[in-house]
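Here is what each chain is made of, one letter per residue.
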Amino acid sequence: MGVFRDMEMPLAAVLFDMERIGFKVDRDSIYKYGLVLDTYAADLETRIFTYSGKPFNINSPKQLGEILFETLMLPTDKKTKTGYSTSAEVLEKLKKYHPIIEDILEYRQVTKLKSTYVDGLKKVIGTDSRIHSHFNQTDTRTGRLSSTEPNLQNIPVRTELGAQMRRFFRAQEGWTLVDADYSQIELRVLAHIADDANMQAAFNSGEDIHTNTAAQVFDLPPLFVTPDMRRKAKAVNFGIVYGIGAFSLAQDIGVSVAEADQYIKNYLRTFSGVQKYMEDIVNYGKEKGYVQTLYGRRRYLPELSASNKNIQNFGKRVAMNTPLQGTAADIIKIAMIRVYDRLAKEERKSRLILQIHDELIVECPTAQAETVAKLLEEEMERVVSLSVPLTAEAHWGRNWLEAKG
(Lines give C-alpha, C1' and ligand atoms only; values in the text may rest on other atoms or scores of the structure.)
Protein backbone atom coordinates (compact mmCIF):
# COMPACT_ATOMS: atom_id res chain seq x y z
CA MET A 1 0.00 0.00 0.00
CA GLY A 2 1.37 3.42 -0.96
CA VAL A 3 1.07 5.97 1.83
CA PHE A 4 0.28 8.88 -0.49
CA ARG A 5 -1.78 7.18 -3.20
CA ASP A 6 -3.69 4.57 -1.19
CA MET A 7 -3.98 6.30 2.18
CA GLU A 8 -3.64 10.07 2.19
CA MET A 9 -5.43 10.83 -1.10
CA PRO A 10 -8.58 8.77 -0.37
CA LEU A 11 -8.54 10.15 3.19
CA ALA A 12 -8.69 13.73 1.90
CA ALA A 13 -12.23 13.09 0.59
CA VAL A 14 -13.25 11.60 3.95
CA LEU A 15 -11.90 14.61 5.85
CA PHE A 16 -13.61 17.03 3.46
CA ASP A 17 -16.96 15.45 4.33
CA MET A 18 -16.18 15.42 8.06
CA GLU A 19 -15.36 19.14 7.98
CA ARG A 20 -18.46 19.91 5.91
CA ILE A 21 -20.83 17.97 8.18
CA GLY A 22 -19.38 19.09 11.53
CA PHE A 23 -20.43 18.09 15.04
CA LYS A 24 -23.69 19.37 16.56
CA VAL A 25 -23.39 21.15 19.92
CA ASP A 26 -25.86 22.54 22.45
CA ARG A 27 -25.03 26.23 22.64
CA ASP A 28 -27.40 26.99 25.55
CA SER A 29 -26.03 24.17 27.70
CA ILE A 30 -22.44 25.30 27.06
CA TYR A 31 -23.40 28.84 28.14
CA LYS A 32 -25.05 27.55 31.34
CA TYR A 33 -22.06 25.34 32.11
CA GLY A 34 -19.85 28.43 31.80
CA LEU A 35 -21.91 30.10 34.58
CA VAL A 36 -21.49 26.99 36.77
CA LEU A 37 -17.72 27.12 36.24
CA ASP A 38 -17.65 30.86 37.05
CA THR A 39 -19.43 30.20 40.36
CA TYR A 40 -17.10 27.32 41.19
CA ALA A 41 -14.01 29.44 40.38
CA ALA A 42 -15.34 32.24 42.63
CA ASP A 43 -15.84 29.76 45.51
CA LEU A 44 -12.30 28.44 45.06
CA GLU A 45 -10.96 31.99 44.97
CA THR A 46 -12.69 32.78 48.28
CA ARG A 47 -11.19 29.67 49.91
CA ILE A 48 -7.71 30.47 48.55
CA PHE A 49 -7.90 34.04 49.91
CA THR A 50 -9.01 32.69 53.30
CA TYR A 51 -5.88 30.53 53.41
CA SER A 52 -3.59 33.32 52.18
CA GLY A 53 -5.05 35.94 54.53
CA LYS A 54 -5.43 38.50 51.72
CA PRO A 55 -6.57 38.76 48.09
CA PHE A 56 -4.00 38.48 45.28
CA ASN A 57 -3.86 37.62 41.59
CA ILE A 58 -3.89 33.81 41.55
CA ASN A 59 -2.85 33.83 37.89
CA SER A 60 0.30 35.83 38.61
CA PRO A 61 3.28 33.48 39.24
CA LYS A 62 5.08 36.32 41.04
CA GLN A 63 2.23 37.06 43.47
CA LEU A 64 1.41 33.37 43.95
CA GLY A 65 5.06 32.60 44.70
CA GLU A 66 5.21 35.32 47.33
CA ILE A 67 2.05 34.01 49.04
CA LEU A 68 3.20 30.38 49.05
CA PHE A 69 6.86 30.81 49.92
CA GLU A 70 7.02 34.06 51.90
CA THR A 71 3.60 34.40 53.55
CA LEU A 72 2.83 30.69 54.11
CA MET A 73 6.52 29.70 54.28
CA LEU A 74 6.12 26.50 52.21
CA PRO A 75 9.39 24.72 51.31
CA THR A 76 10.98 25.79 48.03
CA ASP A 77 14.17 25.84 46.03
CA LYS A 78 16.02 29.14 46.08
CA LYS A 79 14.35 32.14 44.52
CA THR A 80 15.74 32.87 41.04
CA LYS A 81 15.99 36.20 39.19
CA THR A 82 12.55 35.58 37.70
CA GLY A 83 11.00 34.64 41.06
CA TYR A 84 9.68 31.38 42.48
CA SER A 85 8.49 28.58 40.24
CA THR A 86 4.77 27.84 40.62
CA SER A 87 4.51 25.24 37.85
CA ALA A 88 2.05 22.34 38.17
CA GLU A 89 5.01 20.05 38.89
CA VAL A 90 6.16 22.24 41.79
CA LEU A 91 2.63 22.54 43.19
CA GLU A 92 2.04 18.77 43.02
CA LYS A 93 5.02 18.28 45.35
CA LEU A 94 3.60 20.82 47.81
CA LYS A 95 0.16 19.21 48.17
CA LYS A 96 1.05 17.50 51.44
CA TYR A 97 2.12 20.77 53.08
CA HIS A 98 -1.01 22.92 52.78
CA PRO A 99 -4.65 22.60 51.60
CA ILE A 100 -4.32 25.82 49.56
CA ILE A 101 -2.36 23.89 46.92
CA GLU A 102 -5.26 21.56 46.03
CA ASP A 103 -7.54 24.57 45.59
CA ILE A 104 -5.01 26.43 43.40
CA LEU A 105 -4.61 23.41 41.11
CA GLU A 106 -8.39 23.04 40.90
CA TYR A 107 -8.78 26.80 40.24
CA ARG A 108 -6.34 26.56 37.33
CA GLN A 109 -8.28 23.64 35.83
CA VAL A 110 -11.64 25.37 36.18
CA THR A 111 -10.51 28.71 34.72
CA LYS A 112 -8.74 26.98 31.81
CA LEU A 113 -11.84 24.90 31.11
CA LYS A 114 -13.93 28.08 31.07
CA SER A 115 -11.64 30.22 28.91
CA THR A 116 -10.29 27.62 26.48
CA TYR A 117 -13.24 25.29 26.03
CA VAL A 118 -16.47 27.01 27.09
CA ASP A 119 -15.66 30.51 25.80
CA GLY A 120 -13.51 29.14 22.97
CA LEU A 121 -16.19 26.78 21.63
CA LYS A 122 -18.96 29.38 21.82
CA LYS A 123 -17.02 31.50 19.30
CA VAL A 124 -16.86 28.78 16.64
CA ILE A 125 -20.41 27.38 16.63
CA GLY A 126 -21.84 27.79 13.13
CA THR A 127 -25.31 29.05 12.19
CA ASP A 128 -26.26 25.37 11.79
CA SER A 129 -25.45 24.79 15.51
CA ARG A 130 -22.52 22.61 14.49
CA ILE A 131 -18.78 23.01 14.96
CA HIS A 132 -16.77 22.53 11.77
CA SER A 133 -13.22 21.70 12.82
CA HIS A 134 -10.32 21.55 10.34
CA PHE A 135 -8.43 18.27 10.06
CA ASN A 136 -4.77 18.42 9.09
CA GLN A 137 -3.09 15.46 7.39
CA THR A 138 0.46 16.81 7.30
CA ASP A 139 0.75 18.61 10.61
CA THR A 140 2.43 15.91 12.71
CA ARG A 141 5.70 14.03 12.20
CA THR A 142 4.22 10.61 13.02
CA GLY A 143 1.31 10.80 10.58
CA ARG A 144 -1.35 11.43 13.20
CA LEU A 145 -4.24 13.68 12.20
CA SER A 146 -4.56 16.95 14.05
CA SER A 147 -7.65 19.10 14.53
CA THR A 148 -7.72 22.91 14.65
CA GLU A 149 -10.17 25.84 14.83
CA PRO A 150 -11.17 24.34 17.24
CA ASN A 151 -9.12 21.34 18.34
CA LEU A 152 -11.79 18.71 19.00
CA GLN A 153 -9.14 16.07 19.73
CA ASN A 154 -8.23 17.94 22.89
CA ILE A 155 -11.57 18.11 24.71
CA PRO A 156 -10.60 17.25 28.34
CA VAL A 157 -11.46 13.79 29.65
CA ARG A 158 -9.13 13.21 32.60
CA THR A 159 -11.20 15.17 35.13
CA GLU A 160 -14.90 14.88 35.92
CA LEU A 161 -15.43 18.59 35.18
CA GLY A 162 -13.65 18.30 31.84
CA ALA A 163 -15.43 15.12 30.81
CA GLN A 164 -18.76 16.90 31.28
CA MET A 165 -17.92 19.02 28.21
CA ARG A 166 -18.68 15.96 26.09
CA ARG A 167 -22.34 16.14 27.14
CA PHE A 168 -22.75 19.22 24.96
CA PHE A 169 -21.71 17.42 21.76
CA ARG A 170 -24.88 15.74 20.56
CA ALA A 171 -26.53 13.91 17.69
CA GLN A 172 -29.23 15.73 15.75
CA GLU A 173 -32.86 15.00 16.60
CA GLY A 174 -33.77 11.35 15.95
CA TRP A 175 -30.12 10.39 15.51
CA THR A 176 -27.47 8.77 17.75
CA LEU A 177 -23.69 8.98 18.16
CA VAL A 178 -21.74 5.74 17.82
CA ASP A 179 -18.24 5.88 19.31
CA ALA A 180 -15.70 3.10 18.65
CA ASP A 181 -12.12 2.96 19.81
CA TYR A 182 -9.19 0.60 19.56
CA SER A 183 -8.02 -1.16 22.69
CA GLN A 184 -4.34 -0.40 23.46
CA ILE A 185 -3.46 -0.15 19.78
CA GLU A 186 0.12 1.12 20.25
CA LEU A 187 0.98 -1.70 22.67
CA ARG A 188 -0.48 -4.25 20.25
CA VAL A 189 1.59 -2.75 17.44
CA LEU A 190 4.63 -2.97 19.75
CA ALA A 191 3.96 -6.66 20.48
CA HIS A 192 3.85 -7.28 16.71
CA ILE A 193 6.81 -5.16 15.61
CA ALA A 194 9.05 -6.24 18.51
CA ASP A 195 7.92 -9.85 18.03
CA ASP A 196 7.94 -10.22 21.80
CA ALA A 197 6.69 -13.68 22.76
CA ASN A 198 5.58 -12.77 26.30
CA MET A 199 3.63 -9.70 25.20
CA GLN A 200 2.06 -11.58 22.30
CA ALA A 201 1.03 -14.41 24.65
CA ALA A 202 -0.67 -11.92 26.98
CA PHE A 203 -2.68 -10.30 24.17
CA ASN A 204 -3.51 -13.61 22.49
CA SER A 205 -4.82 -15.11 25.72
CA GLY A 206 -7.13 -12.12 26.22
CA GLU A 207 -5.51 -11.17 29.54
CA ASP A 208 -5.37 -7.60 30.74
CA ILE A 209 -1.93 -6.48 29.51
CA HIS A 210 -1.23 -4.19 32.48
CA THR A 211 -2.13 -6.86 35.04
CA ASN A 212 -0.02 -9.36 33.10
CA THR A 213 2.91 -6.94 33.02
CA ALA A 214 2.58 -6.29 36.77
CA ALA A 215 2.54 -10.04 37.46
CA GLN A 216 5.74 -10.46 35.43
CA VAL A 217 7.53 -7.40 36.83
CA PHE A 218 6.61 -8.12 40.47
CA ASP A 219 6.96 -11.90 40.03
CA LEU A 220 3.48 -12.66 41.37
CA PRO A 221 0.46 -14.63 40.13
CA PRO A 222 -2.03 -12.26 38.40
CA LEU A 223 -4.55 -12.80 41.23
CA PHE A 224 -2.14 -11.15 43.69
CA VAL A 225 -1.64 -8.02 41.58
CA THR A 226 -3.04 -4.98 43.40
CA PRO A 227 -4.58 -1.93 41.65
CA ASP A 228 -1.46 0.06 42.64
CA MET A 229 0.84 -2.55 41.05
CA ARG A 230 -1.26 -2.46 37.88
CA ARG A 231 -1.07 1.36 37.81
CA LYS A 232 2.73 1.23 38.03
CA ALA A 233 2.95 -1.45 35.34
CA LYS A 234 0.70 0.62 33.09
CA ALA A 235 3.05 3.60 33.46
CA VAL A 236 6.00 1.41 32.46
CA ASN A 237 4.08 -0.09 29.51
CA PHE A 238 3.24 3.29 28.07
CA GLY A 239 6.46 5.03 29.07
CA ILE A 240 9.01 2.47 27.94
CA VAL A 241 8.65 3.14 24.22
CA TYR A 242 9.03 6.86 24.81
CA GLY A 243 12.44 6.04 26.27
CA ILE A 244 11.27 6.92 29.79
CA GLY A 245 14.09 6.96 32.33
CA ALA A 246 14.05 5.99 35.98
CA PHE A 247 13.86 9.60 37.15
CA SER A 248 10.78 10.43 35.05
CA LEU A 249 9.06 7.16 35.90
CA ALA A 250 9.74 7.74 39.61
CA GLN A 251 8.02 11.13 39.38
CA ASP A 252 5.08 9.71 37.42
CA ILE A 253 4.25 6.90 39.85
CA GLY A 254 5.57 8.33 43.12
CA VAL A 255 8.40 5.92 43.95
CA SER A 256 12.14 6.30 44.48
CA VAL A 257 14.45 6.51 41.47
CA ALA A 258 16.08 3.22 42.54
CA GLU A 259 12.67 1.50 42.65
CA ALA A 260 11.68 2.91 39.26
CA ASP A 261 15.00 1.77 37.82
CA GLN A 262 14.31 -1.75 39.08
CA TYR A 263 10.85 -1.74 37.47
CA ILE A 264 12.38 -0.81 34.11
CA LYS A 265 15.08 -3.48 34.41
CA ASN A 266 12.52 -6.14 35.37
CA TYR A 267 10.29 -5.07 32.49
CA LEU A 268 13.07 -5.28 29.90
CA ARG A 269 14.18 -8.62 31.29
CA THR A 270 10.63 -9.95 30.97
CA PHE A 271 9.93 -8.42 27.56
CA SER A 272 13.34 -8.99 25.99
CA GLY A 273 11.86 -8.59 22.51
CA VAL A 274 10.94 -5.02 23.38
CA GLN A 275 14.47 -4.29 24.55
CA LYS A 276 15.89 -5.73 21.32
CA TYR A 277 13.41 -3.67 19.26
CA MET A 278 14.47 -0.48 21.05
CA GLU A 279 18.15 -1.15 20.38
CA ASP A 280 17.59 -2.31 16.78
CA ILE A 281 15.35 0.60 15.75
CA VAL A 282 17.84 3.19 17.03
CA ASN A 283 20.65 1.46 15.11
CA TYR A 284 18.42 1.31 12.01
CA GLY A 285 17.70 5.03 12.35
CA LYS A 286 21.41 5.84 12.64
CA GLU A 287 22.26 3.72 9.62
CA LYS A 288 19.41 4.81 7.30
CA GLY A 289 18.81 8.31 8.62
CA TYR A 290 15.11 7.57 9.17
CA VAL A 291 12.65 5.15 10.76
CA GLN A 292 9.34 4.08 9.27
CA THR A 293 5.92 2.60 10.01
CA LEU A 294 4.69 -0.82 8.88
CA TYR A 295 3.21 0.97 5.87
CA GLY A 296 6.43 2.73 4.91
CA ARG A 297 5.69 6.23 6.25
CA ARG A 298 9.14 7.66 7.00
CA ARG A 299 10.39 10.08 9.60
CA TYR A 300 13.91 11.38 9.04
CA LEU A 301 16.04 11.71 12.17
CA PRO A 302 19.12 13.92 11.78
CA GLU A 303 19.02 14.23 15.58
CA LEU A 304 20.56 10.75 15.88
CA SER A 305 23.84 12.01 14.45
CA ALA A 306 23.91 15.25 16.47
CA SER A 307 26.94 15.93 18.63
CA ASN A 308 24.74 17.32 21.42
CA LYS A 309 23.79 14.42 23.73
CA ASN A 310 20.39 15.86 24.64
CA ILE A 311 19.43 16.20 20.97
CA GLN A 312 20.77 12.71 20.29
CA ASN A 313 18.71 11.25 23.16
CA PHE A 314 15.62 13.00 21.83
CA GLY A 315 16.31 11.35 18.46
CA LYS A 316 16.51 7.93 20.14
CA ARG A 317 13.17 8.41 21.89
CA VAL A 318 11.56 9.49 18.63
CA ALA A 319 13.11 6.53 16.78
CA MET A 320 11.59 4.11 19.29
CA ASN A 321 8.14 5.68 19.33
CA THR A 322 7.51 6.75 15.72
CA PRO A 323 7.06 3.27 14.18
CA LEU A 324 4.47 2.50 16.89
CA GLN A 325 2.51 5.74 17.01
CA GLY A 326 2.90 6.15 13.24
CA THR A 327 1.66 2.64 12.46
CA ALA A 328 -1.31 3.17 14.80
CA ALA A 329 -2.05 6.44 12.97
CA ASP A 330 -1.85 4.69 9.59
CA ILE A 331 -4.20 1.93 10.79
CA ILE A 332 -6.89 4.37 11.95
CA LYS A 333 -6.62 6.31 8.68
CA ILE A 334 -7.25 3.14 6.68
CA ALA A 335 -10.14 2.31 9.02
CA MET A 336 -11.66 5.75 8.35
CA ILE A 337 -11.53 5.18 4.59
CA ARG A 338 -13.10 1.73 4.89
CA VAL A 339 -15.85 2.86 7.27
CA TYR A 340 -16.64 5.83 5.01
CA ASP A 341 -16.74 3.65 1.88
CA ARG A 342 -18.89 0.95 3.49
CA LEU A 343 -21.41 3.45 4.84
CA ALA A 344 -21.69 4.87 1.30
CA LYS A 345 -21.88 1.43 -0.32
CA GLU A 346 -24.68 0.29 2.00
CA GLU A 347 -26.45 3.61 1.30
CA ARG A 348 -26.79 4.48 4.95
CA LYS A 349 -27.49 8.04 6.00
CA SER A 350 -24.85 7.60 8.72
CA ARG A 351 -21.75 9.77 8.51
CA LEU A 352 -18.31 9.78 10.05
CA ILE A 353 -17.88 13.08 11.93
CA LEU A 354 -14.78 12.85 14.14
CA GLN A 355 -11.50 11.02 14.73
CA ILE A 356 -9.58 11.31 17.99
CA HIS A 357 -6.37 9.31 17.43
CA ASP A 358 -7.66 5.77 18.16
CA GLU A 359 -11.36 6.63 18.28
CA LEU A 360 -14.00 7.17 15.56
CA ILE A 361 -17.41 8.79 15.95
CA VAL A 362 -20.30 8.23 13.55
CA GLU A 363 -23.64 10.06 13.65
CA CYS A 364 -26.49 7.83 12.48
CA PRO A 365 -30.28 7.46 12.58
CA THR A 366 -31.11 5.93 15.98
CA ALA A 367 -32.66 2.83 14.41
CA GLN A 368 -29.29 2.02 12.79
CA ALA A 369 -27.12 2.44 15.92
CA GLU A 370 -26.56 -1.24 16.66
CA THR A 371 -25.84 -2.08 13.01
CA VAL A 372 -23.44 0.84 12.64
CA ALA A 373 -21.65 -0.13 15.89
CA LYS A 374 -21.06 -3.61 14.48
CA LEU A 375 -19.91 -2.15 11.15
CA LEU A 376 -17.39 0.09 12.91
CA GLU A 377 -15.95 -2.77 14.97
CA GLU A 378 -15.68 -5.02 11.91
CA GLU A 379 -13.94 -2.48 9.69
CA MET A 380 -11.57 -1.28 12.42
CA GLU A 381 -10.53 -4.81 13.36
CA ARG A 382 -10.03 -5.95 9.76
CA VAL A 383 -7.58 -3.22 8.72
CA VAL A 384 -4.47 -5.31 9.28
CA SER A 385 -3.54 -8.79 10.43
CA LEU A 386 -1.04 -8.55 13.29
CA SER A 387 0.46 -11.31 15.44
CA VAL A 388 -2.00 -10.21 18.15
CA PRO A 389 -5.71 -9.37 17.83
CA LEU A 390 -6.60 -5.80 16.89
CA THR A 391 -9.74 -5.14 18.92
CA ALA A 392 -12.25 -2.30 18.77
CA GLU A 393 -15.30 -1.68 20.92
CA ALA A 394 -18.28 0.50 20.06
CA HIS A 395 -20.93 2.15 22.24
CA TRP A 396 -23.67 4.61 21.42
CA GLY A 397 -25.72 7.36 23.03
CA ARG A 398 -27.49 10.68 22.47
CA ASN A 399 -24.36 12.66 23.35
CA TRP A 400 -20.60 12.09 23.23
CA LEU A 401 -20.31 11.37 26.97
CA GLU A 402 -23.03 8.69 26.79
CA ALA A 403 -21.54 7.20 23.63
CA LYS A 404 -18.16 6.67 25.34
CA GLY A 405 -19.86 3.88 27.29
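This text follows the structure it describes.
Residues numbered from 1 in each chain as written. Predicted model: local features only at pLDDT ≥ 70, side-chain atom pairs only at ≥ 80, totals over all residues. Heavy atoms only, no water.

> Would you take a moment to explain the layout of surface pockets for this structure?
Looking at the largest pocket, its volume works out to about 1400 Å³. As for the largest pocket, its lining consists of 40 residues, and the residues nearest its centre are R144, V157, R158, H357 and D358. Top element by residues in the lining of the largest pocket is helix α5 (residues 100-122). It accounts for five residues. Here the residues of the lining of the largest pocket are counted per class, giving 16 nonpolar, twelve polar and twelve charged. By volume, the second largest pocket amounts to about 260 Å³. Together, 14 residues line the second largest pocket, and P75, T76, D77, S85 and V90 are the ones closest to its centre. In terms of residues, the lining of the second largest pocket owes the most to one element, helix α4 (residues 88-94), which gives four residues. Among the residues making up the lining of the second largest pocket, the classes are represented as five nonpolar, five polar and four charged. (1 Å grid on protein atoms, 1.4 Å probe; cavity = no way out; pocket = protein on both sides within 12 Å on 5 of 7 lines; lining within 4 Å. Points joined across faces, edges and corners; volume = space filled by probe spheres on them. Helix = DSSP H or I, 4+ residues; strand = E, 2+ residues; numbered from the N terminus. Nonpolar A, V, L, I, M, F, W, Y, C, P; charged D, E, K, R; others polar.)

> Quick question: what am I supposed to make of the pairing of strand β8 (residues 351-355) here?
Burial analysis of β8 places four of its five residues in the buried class, which makes it a mostly covered element. Judged from the four bridges that link them, β8 and strand β9 (residues 359-365) form a sheet pairing that is antiparallel. The residue of β9 that forms the bridge with L352 is V362. Between β8 and β9, which pair antiparallel and follow one another directly, the connecting turn spans three residues, one of which, H357, has a positive phi of 60°. (Buried < 20%, exposed > 50% of the residue type's maximum accessible area, 1.4 Å probe, protein only. Pairing = 2+ DSSP bridges.)

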